[in-house]
Amino acid sequence: MENILNQGFGLALFGMITVFSFLTLLIIATRLMSFLVSRLDKEQDLPLANTEPLQENHPPITVIMAAIAHYLSRRQS
Amino acid sequence: MENILNQGFGLALFGMITVFSFLTLLIIATRLMSFLVSRLDKEQDLPLANTEPLQENHPPITVIMAAIAHYLSRRQS
Amino acid sequence: MENILNQGFGLALFGMITVFSFLTLLIIATRLMSFLVSRLDKEQDLPLANTEPLQENHPPITVIMAAIAHYLSRRQS
Amino acid sequence: MNQLWTFWQNTGMYQLSVEQFIMILIGLLLLYLAIIKQFEPLLLIPIGFGGILSNIPGVDIAVGNGVLAQFSAMGLDTGIFPLLVFMGIGAMTDFGPLLANPKTMLLGAAAQFGIFSTLLGAIAMNEIGMFDFTLPQAAAIGIIGGADGPTAIYVSSVLAPELLGAIAVAAYSYMALVPLIQPPIMKALTSQSERKIRMRVMREVPQTEKVLFPLVLLLLVALIVPGAAPLLGMFCFGNLMKECRVVARLSDTAQNALINIATIFLGLSVGSKLVADEFLVGETLGILALGIVAFGIGTMTGVLMAKLMNLFSKNKINPLIGAAGVSAVPMAARVANKVGIESDPDNFLIMHAMGPNVAGVIGSTIAAGVLIQFAAG
Amino acid sequence: MNQLWTFWQNTGMYQLSVEQFIMILIGLLLLYLAIIKQFEPLLLIPIGFGGILSNIPGVDIAVGNGVLAQFSAMGLDTGIFPLLVFMGIGAMTDFGPLLANPKTMLLGAAAQFGIFSTLLGAIAMNEIGMFDFTLPQAAAIGIIGGADGPTAIYVSSVLAPELLGAIAVAAYSYMALVPLIQPPIMKALTSQSERKIRMRVMREVPQTEKVLFPLVLLLLVALIVPGAAPLLGMFCFGNLMKECRVVARLSDTAQNALINIATIFLGLSVGSKLVADEFLVGETLGILALGIVAFGIGTMTGVLMAKLMNLFSKNKINPLIGAAGVSAVPMAARVANKVGIESDPDNFLIMHAMGPNVAGVIGSTIAAGVLIQFAAG
Amino acid sequence: MNQLWTFWQNTGMYQLSVEQFIMILIGLLLLYLAIIKQFEPLLLIPIGFGGILSNIPGVDIAVGNGVLAQFSAMGLDTGIFPLLVFMGIGAMTDFGPLLANPKTMLLGAAAQFGIFSTLLGAIAMNEIGMFDFTLPQAAAIGIIGGADGPTAIYVSSVLAPELLGAIAVAAYSYMALVPLIQPPIMKALTSQSERKIRMRVMREVPQTEKVLFPLVLLLLVALIVPGAAPLLGMFCFGNLMKECRVVARLSDTAQNALINIATIFLGLSVGSKLVADEFLVGETLGILALGIVAFGIGTMTGVLMAKLMNLFSKNKINPLIGAAGVSAVPMAARVANKVGIESDPDNFLIMHAMGPNVAGVIGSTIAAGVLIQFAAG
Ligand code: NA
Ligand code: NA
Ligand code: NA
């Protein structure tokens, strides 16, 4: 009985701390994100939600290949 | 062979009796229901299918609690 | 190693032959089908996609029965 | 060269048996009936197509890990697909005409004679040595007379899964043939003056009654024939969602996306039962023959019950609407209307026939409950 | 005669126990609450109806191979149904108001005190000898205070499936009672002048932020409380589909057909847990009593947090919107608006309250993640 | 303090491995491609998001009883999800342009060289000692050249489930890159005058032909390549439901609710295969490299076949439409149109290109059937 009471208090305290910490961090992360977006938006219009697909000469799929290659080479060395 | 014939006749007879009894009882129950609804409707408009939810001071959820409590107390005694 | 190379060449050759043969046969079958449809259409309007269901005196379900009966009789003999 | 031989051995042409060929033709015939003759296309197209797929040699589609075998295991052997279809039908059903004139329920009861006399007919076929149906099989065959697809499929999946393909094909084919089967029987049993009987204008049924009815029905089933509770329960649940008007989004989904998905899967699953060694047997002929008798007897007893009720009642019933008691919603009600109009062009029976029509659905599920409770092996 | 006796023994009337009778009445009561009082009808109609079906004697519906038992095994025991519902809710959620004023997230955090104090309350009931809840059970009861149906069901299915029926009924009933439970607490804790505080007009949130937010949220969850990742992950996935605007057809389906289908199955599955021997126990009374305390405390701490924040900030928050931090989306936000209008008819708080309202959803899933990670047996 | 340590050990930050971190970045990259570059967003958003979820440490999502693991077991390992998607695509496909000009089927055949040369390419990589692909793996890699997502996923789930993640990512990425990959090849292989060839106006195809075609196609598959019957069968079933016009409600559901639900589940399931130890391997690089070769060769052989056919035929084909034979419906047909317009602004090739485009779908399923029948381990 003692035991579950202690566990319960621990869990409650600790749970509230987690919830508050998480949402506080989320506030910070959100503000940071909003700030970055607002700076980015000033410099250039984000092409979000255009109906016409965009294509470039450097298809970003190559980034996947580069990332994997880099990872594999690092792991070997 | 005898056996399945007998069983079949029993099942058929008995099935038709059940179907008829059931639908006869359903006629009675339906008529009773219609009668009760018509009496109720005269006394008060049923709040059926209003879009605005109704709230009262005696939330009916307490009925569940009362019912369970009553049941449990009876079972103990 | 030899083995998988051989298997691969076999499969590739054989796969392309199959794909080509299949689509060639499909061209023939399609042309035949189109030809038959065009001849049929001249003789009579196909009742396709009418909204009113058609009913006849010889329900085609009897065809199923005839087919099964014929099959069963042949199998027995 | 060797590979070419292997290829040839792997083609369908090499492996196709006569039985599979016949079954593919039957599948094509079902598609023809569904598309050109418009025989219950919602079910017969998936069933027919599934039947063709199931008889393609050399590939597991309806067996093993094949996709149709998986659909079947998921929702046909478990009863889930027919129950979901039935829930959707419940959400489309209007009990108003039945509530306006509850005594027409007796017509829906009488028409179930078709079920039980067909059960006896199947046993009679045993007696004359044609077949060797067990009691559960005879019961499953009888349910064709219920003229209600999901009920027939559900009952066969419980009582006689080996006959499911034939029973489903018979049930849906005859439901589509109702406009051919019923009128001669209806005319033979009624006089011209009976067919001209005009029925009283129906009272308007308040929404409250429509909301309460599925609950009254469910509770009565729970108290009397619990074996019918899964079928009638899902049906009443669908109907309650529709009538209560506070869960329109659920009711819409039950009537559209969900019933359509369940229908596609159900049809393909039934099609997966159209394999030669289960379908190409003499029993299938027996089932098809018994099925049409079932519809005929149901029509007959429905009409006769109406005439019987007229002996004791002042408000005469047009006996034509008795034929709608077999279910086959809404086809049988339309047939009653059409035959009525032939005798009196101004006498519209359709709404009056909808009462016994939906009562026939209730009646067959009660019969189904009895059969499941007492005929299960 | 013998058969008649067998029939009688097979009727529901013969087999019905008092417990089943009471449970059927409770099912009818839930339907009454859902239809007439419009208590969360989308869930309470399937739950209530499923509860009735599950207590019909003599037929396997909620047990064995019964259809509701199968639904339950498929999607409730596995967590799939609540997760799909949560995905759909995510696809309906607009984080705009929260992004416009991120500090209101603290209100959504504070309101989760309701969860943890209820957990302690359940343990306190052990201490005074009333019940004997285990820690996972106490945690599952606590989650009622999250005021979020799918989260409550998901957590109970993991931590205490034996209490799922009572917890789901409590969660949805109290969510519907929010307009009764919250206003007295809100008024008691605030002065007239506080209730009149007008909040600044919100900035318009660019679409890019709305697209990025679910990803930021997901990554933070991944780094800190991975136990919340299944719930929040599906929620964020739904939200991303909505906000990214390039998969409108998937977003539409997630918000309509899919969530509706999942809701029907989820409700019926929860209903299948309303069997007498699990529901008709003293613990259910305890759960219902604790649940209302949970809502009350969550409301209280939400309002108090707003007052606390006003001590340190220039831009005053109307403390009424703190009550919306309990979730119960969007009911609690509407209540905050309504109570605000009583003090100042021109002060519309609804948009300001939506921020803490959706923050409350996030808060409860974080709490749920902690409970699942640390209270699991 | 101890509890804090336990908490820290349970966070994602503590448990996250470098591999998981990279995989989460890859997931984010896929989302970027899908949302900003609009690379096949319908699949890449669920795949990318599922990939992120699957690499969250400390919680079972893609493994054990995790929700994505359950989706995957339910519909990816069994082939059900890709087949349902394919059924929906069938219900959206118009075979009219193909029926108007059946000889363009040969273009859809020629483009399948991409599949088989990639298979050989994978084996060649073995020969030079880079990898050690088995024959089924090489075959699964080859199918990327089919440029058809559901077919690629279905074949890999059968032949090489361990490569499924990489193959699906490659297939959908390159399908989105078709407007970049194809034009240079098309222009290199054709002269200006060839690109200006105007094709004859198409005949109007009667509905009867459209109804019969899926059946003709299915029967031919059944007779010749039964291994392709599950894929082509579901495709033809969808198409028949659309064209027969008597089951509009089923066709609508197959094209909307059902394909959308299957797409969401399929994408998340594929995402669950993006776990580090299967994806972060050299083989993935090989697969991505081979994939682009596959698209290139398919484009090339399609164009060359058109030129070859022009040697023997009076009615000249614009060789640009040969490139549409790789499938990638309808992107490749649009590319053919766009490149054509560059040479002659009044020459609209889109309808002419739709024929080989859908023929490419048929061609790849035939190739898939051959691979499944003869390369399975
Ligand atoms: Na019936
Ligand atoms: Na909450
Ligand atoms: Na292709």
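Refer to the structure presented above.
Everything in this summary refers to the structure shown in the same document. (Residues numbered from 1 in each chain as written. Chains lettered and ligands numbered in written order. Predicted model: local features only at pLDDT ≥ 70, side-chain atom pairs only at ≥ 80, totals over all residues. Heavy atoms only, no water.)

1. Some remarks on the coordination of the sodium ion (ligand 1)
All names here are of chain D.
Line of reasoning, step 1. Coordination sphere of the sodium ion (ligand 1), protein contribution only: Gly146 (O), Val326 (O), Ser327 (OG), Gly360 (O) and Ser364 (OG), at 2.1 to 3.0 Å.
Line of reasoning, step 2. Motif for the sodium ion (ligand 1), donor spacing along one chain: G-x179-V-S-x32-G-x3-S. Here the residue Gly146 occupies a position in the loop between helix 10 (135–142) and helix 11 (149–159), and Val326 occupies one in the loop between helix 20 (282–312) and helix 21 (331–343), the gap between them amounting to 180 residues. (Donors = N, O, S within 2.8 Å, 3.2 Å for Na, K, Ca; no water. Helix = DSSP H or I, 4+ residues; strand = E, 2+ residues; numbered from the N terminus.)

2. Remarks on the coordination of the sodium ion (ligand 2)
Line of reasoning, step 1. Around the sodium ion (ligand 2), the protein supplies Gly146(E) (O), Val326(E) (O), Ser327(E) (OG), Gly360(E) (O) and Ser364(E) (OG) as donor atoms, at distances of 2.1 to 3.0 Å.
Line of reasoning, step 2. Spacing between the donor residues of the sodium ion (ligand 2) along their common chain follows G-x179-V-S-x32-G-x3-S.

3. What about the state of the cysteines?
Line of reasoning, step 1. According to the stated counting rule, one finds 0 disulfides over all chains in the structure shown.
Line of reasoning, step 2. Here Cys244(E) is not disulfide-linked; the sulfur of Cys236(E) is the nearest cysteine sulfur, at 13 Å. (Disulfide = S-S within 2.5 Å.)

4. Some words on the pattern of salt bridges
Residue and element names in this part refer to chain E.
Line of reasoning, step 1. Tallied over the entire structure, the rule returns 21 salt bridges over all chains.
Line of reasoning, step 2. Here Glu194 makes a salt bridge to Lys307, at a shortest N to O gap of 3.4 Å. Of the two residues, Glu194 sits in helix 13 (residues 192–195) while Lys307 sits in helix 19 (residues 282–312), which places them 113 residues apart along the sequence.
Line of reasoning, step 3. Take Glu194: its relative accessible area is 18%, and that puts it in the buried class.
Line of reasoning, step 4. Overall, Lys307 belongs to the partly exposed group, its relative accessible area being 26%.
Line of reasoning, step 5. The shortest N-O distance in the salt bridge between Arg198 and Asp344 comes to 3.0 Å. Of this pair, Arg198 sits in the loop between helix 13 and helix 14 (207–224) while Asp344 sits in the loop between helix 20 (331–343) and helix 21 (350–375), and the two are 146 residues apart along the sequence.
Line of reasoning, step 6. Asp344 gets classed as buried once you look at its relative accessible area, which sits at 12%. (Salt bridge = Lys/Arg side-chain N within 4 Å of Asp/Glu carboxyl O. Buried < 20%, exposed > 50% of the residue type's maximum accessible area, 1.4 Å probe, protein only.)

5. What to know about the environment of Ala254(D)
Line of reasoning, step 1. Examined against the element boundaries, Ala254(D) turns out to sit in helix 17 (residues 248–255).
Line of reasoning, step 2. Taking C-alpha positions, Ala254(D) is 37 Å from Gln20(D), a pair spaced 234 residues apart along the chain.

6. Quick notes on the packing of helix 16 (residues 248–255) of chain E against helix 17 (residues 257–271) of chain E
All names here are of chain E.
Line of reasoning, step 1. Following both chains from N to C, one finds helix 16 and helix 17 inclined at 25°, their axes separated by 3 Å at the closest point. Put simply, helix 16 runs roughly parallel to helix 17. Mapping the contact onto sequence places Asp252, Thr253, Ala254 and Gln255 in helix 16 and Ala257, Leu258 and Ile259 in helix 17.
Line of reasoning, step 2. By residue class, the composition of the contact of helix 16 with helix 17 is 4 nonpolar, 2 polar and 1 charged. (Axes fitted to C-alpha atoms, helices over the stretch in contact; angles between N-to-C directions. Parallel < 35°, antiparallel > 145°, perpendicular 65-115°, else oblique. Contact = heavy atoms within 4.5 Å. Nonpolar A, V, L, I, M, F, W, Y, C, P; charged D, E, K, R; others polar.)

7. A word on empty space enclosed by the protein
Residues and elements named next belong to chain D.
Line of reasoning, step 1. One pass over the full model with this rule turns up 3 cavities of 30 Å³ or more.
Line of reasoning, step 2. The wall of the largest cavity is formed by Glu162, Leu163, Gly165, Ala166, Lys273, Glu278, Phe279, Val281, Glu283, Thr284 and Ile287.
Line of reasoning, step 3. Looking at the lining of the largest cavity, the elements with two or more residues in it are helix 12 (164–176), helix 19 (276–279) and helix 20.
Line of reasoning, step 4. Broken down by element, the residue count for the lining of the largest cavity peaks at 3 residues, all from helix 20.
Line of reasoning, step 5. Of the residues that constitute the lining of the largest cavity, the class distribution is 5 nonpolar, 2 polar and 4 charged. (1 Å grid on protein atoms, 1.4 Å probe; cavity = no way out; pocket = protein on both sides within 12 Å on 5 of 7 lines; lining within 4 Å. Points joined across faces, edges and corners; volume = space filled by probe spheres on them.)

8. What about the interface of chain B and chain D?
Line of reasoning, step 1. With 30 residues of chain B at the interface, the matching set in chain D holds 45 residues.
Line of reasoning, step 2. Linking chain B with chain D are 0 salt bridges.
Line of reasoning, step 3. Counting the contacts that link chain B with chain D gives 2 residue pairs in polar contact (both at pLDDT 80 or more).
Line of reasoning, step 4. Residues belonging to the side of chain B that touches chain D are distributed by class as follows: 21 nonpolar, 7 polar and 2 charged. (Polar contact = N/O pair within 3.5 Å; in protein donor to acceptor, adjacent residues only side chain to side chain.)

9. Some words on the arrangement of the chains
Line of reasoning, step 1. Where chain A comes nearest to chain D, the C-alpha atoms are still 28 Å apart, and the two do not contact one another.
Line of reasoning, step 2. Note that chain C does not reach chain E: the shortest distance linking a C-alpha of one to a C-alpha of the other is 28 Å.

10. Side note on the side chain of Ser343(D)
Residue and element names in this part refer to chain D.
Line of reasoning, step 1. Assignment of secondary structure puts Ser343 in helix 21.
Line of reasoning, step 2. By relative accessible area, Ser343 is classed as buried at 13%.
Line of reasoning, step 3. At 3.3 Å, the side chain of Ser343 forms a polar contact with the side chain of Arg195.
Line of reasoning, step 4. With residues up to four places along the chain from it excluded, the contact list for Ser343 reads Gln192, Arg195 and Lys196.

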